[in-house]
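Listed below, chain by chain, are the residues.
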Amino acid sequence: MEVIKSTEEIKSINFDSPFALVPTMGNLHKGHLSLVKYGIENYSEVITSIFINPLQFGKNEDFSSYPKTISQDIQLLESLGCNYLFIPEKNFAENLNIIEPKFSDVLCGLSRPTHFQGVLTIIDKFLRIIKPNACLFGLKDYQQQLIIKEFVKRKKIKTDIISLPIVREKFGLAMSSRNNYLSDEDKKFCGKIYSCIKKLAASLKTTSLEVLKSEAKDFLQNAGFEIDYLEIVDANNLSSVSKNTDKVLIATAVIYKKVRLIDNIVVSL
Ligand code: AMP
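Position numbers for residues start from 1 in each chain and track the written sequence from start to end. Only residues with pLDDT of at least 70 get local features here, since the model is predicted, and only at 80 or more are side-chain atom pairs given and counted; chain-wide, interface and lining totals rely on the full set of residues. Only heavy atoms go into the side-chain values, all of them from the structure, while hydrogens and water stay out.

**Q** It is not clear to me how the domain arrangement of the protein should be interpreted in this structure. Could you clarify?
**A** The extent of an interface is frequently quoted as the accessible surface area lost upon association of the parts. Partitioning the protein into domains gives domain 1 (2-164) and domain 2 (177-268). Where each domain begins and ends is defined by an automated method or by a domain database. A straight line from the C-alpha centre of domain 1 to that of domain 2 covers 25 Å. Counting residues at the interface gives 21 residues for domain 1 and 18 residues for domain 2. Defined here as a combined quantity, buried area equals the accessible surface (1.4 Å probe) lost by two parts on assembly, summed across both. Carbon and sulfur atoms supply 54% of the area that domain 1 and domain 2 bury against each other, a total of about 1,600 Å² over both sides. Contact with domain 2 buries area across many residues of domain 1, yet Leu-107, Lys-140 and Tyr-142 alone supply 37% of it, more than any other trio. Salt bridges are defined by distance alone: a side-chain nitrogen of Lys or Arg within 4 Å of a carboxyl oxygen of Asp or Glu. One can count one salt bridge joining domain 1 with domain 2. By the criterion applied in these results, polar contacts are pairs of N or O atoms within 3.5 Å in which, for protein atoms, one can donate a hydrogen and the other can accept it, and in which residues neighboring in sequence qualify only through two side-chain atoms. Counting across the domain 1 and domain 2 interface gives 10 residue pairs in polar contact (both at pLDDT 80 or more). For the side of domain 1 that touches domain 2, the secondary structure elements donating two or more residues are helix 4 (108-111) and helix 6 (142-154). A helix here means a DSSP run of H or I that spans at least four residues, while a strand means a run of E at least two residues long, and both kinds are numbered starting from the N terminus. Broken down by element, the side of domain 1 that touches domain 2 gets its largest block of residues, three residues, from helix 6. The residue classification treats Ala, Val, Leu, Ile, Met, Phe, Trp, Tyr, Cys and Pro as nonpolar and Asp, Glu, Lys and Arg as charged. All others, Gly included, are polar. Tallied by class, residues from the side of domain 1 that touches domain 2 come to 10 nonpolar, seven polar and four charged. Here, residues are in contact when the closest pair of their heavy atoms is within 4.5 Å.

**Q** Help me understand the site of the ligand, please; the structure alone is not making it clear to me.
**A** Nearness here has a simple test: a residue counts as near a molecule or strand if at least one of its heavy atoms is within 4 Å of that partner. Neighbouring the ligand are 16 residues, the closest being Met-25, His-32, Asp-141, Val-167 and Met-175. At 2.6 Å from an oxygen atom of the ligand is found a side-chain nitrogen or oxygen belonging to Asp-141. When the free accessible area of the ligand is taken as 490 Å², the share hidden by the protein chains comes to 93%. For the shell around the ligand, the secondary-structure elements that each account for two or more residues are strand 2 (19-24), helix 2 (30-42) and strand 5 (134-138). Examining the composition of the shell around the ligand, we find that three residues originate from one element, helix 2, more than from any other. The residue inventory of the shell around the ligand, partitioned by class, reads eight nonpolar, six polar and two charged. Reported accessibility uses the Shrake-Rupley method at a 1.4 Å probe radius. Residues are deemed covered only where the shown protein chains occlude them.

Structural data, given as structure tokens:
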């Protein structure tokens, strides 16, 4: 695997087509690696990027303490057969025109008001300089991939945005670099988040959404989670569920021992 540390250099490479980009912030786990594997199986070459994007962190968030495990990440990517690792320069996020996303005024966008601007601004730069045939994202960050898909479509950018399934820990907690802040026992306990939204999904057709939401929130609160949000929305545009909705997104963000954890399920109606 070739490690590229400059924007000029990555721009000058003629990748074998079709090639895929997997943008990450590093501290790679099986969730990230599932995207890289998908890339290797379906494209001629795969570029993984590792960049802890300052633009997507709020003032009181964990930018400076975000876990960094670069040599371990390199080993994992090499063992999978990733072709390139791009680690941009420190100033990669400087002097960019901030892009305003759609669908960012709900769910995670409410408590992280500048988060998706930051994500979209950096992803746009990646797409402009690398021009991949496909860019791969995890459905764990459902709102993120929806925002990027909408942007790419609106701007007629010729990159396929591919969304891939959530990879989970043994007891159901969605894998995340932030799970590193939790003990094994905590991770097992946090499996309750997934069981709660799964249970909710199973009752969608028989119980009103308001009742389901309120029951699920009570359950999580009583278990010891602080709730940022728990919502059931139209999965196509994150608006309220209507008679035209064909698939719903059940999404939640909770805080456990100061760690913000997100999860979701999409259910076709
Ligand atoms: P991050 O490093 O958190 O920016 O994540 C990089 C990419 O990996 C994003 O597209 C995430 O949605 C994806 N990702 C993170 N965790 C998971 C997971 N548990 N399952 C699938 N994809 C994931």
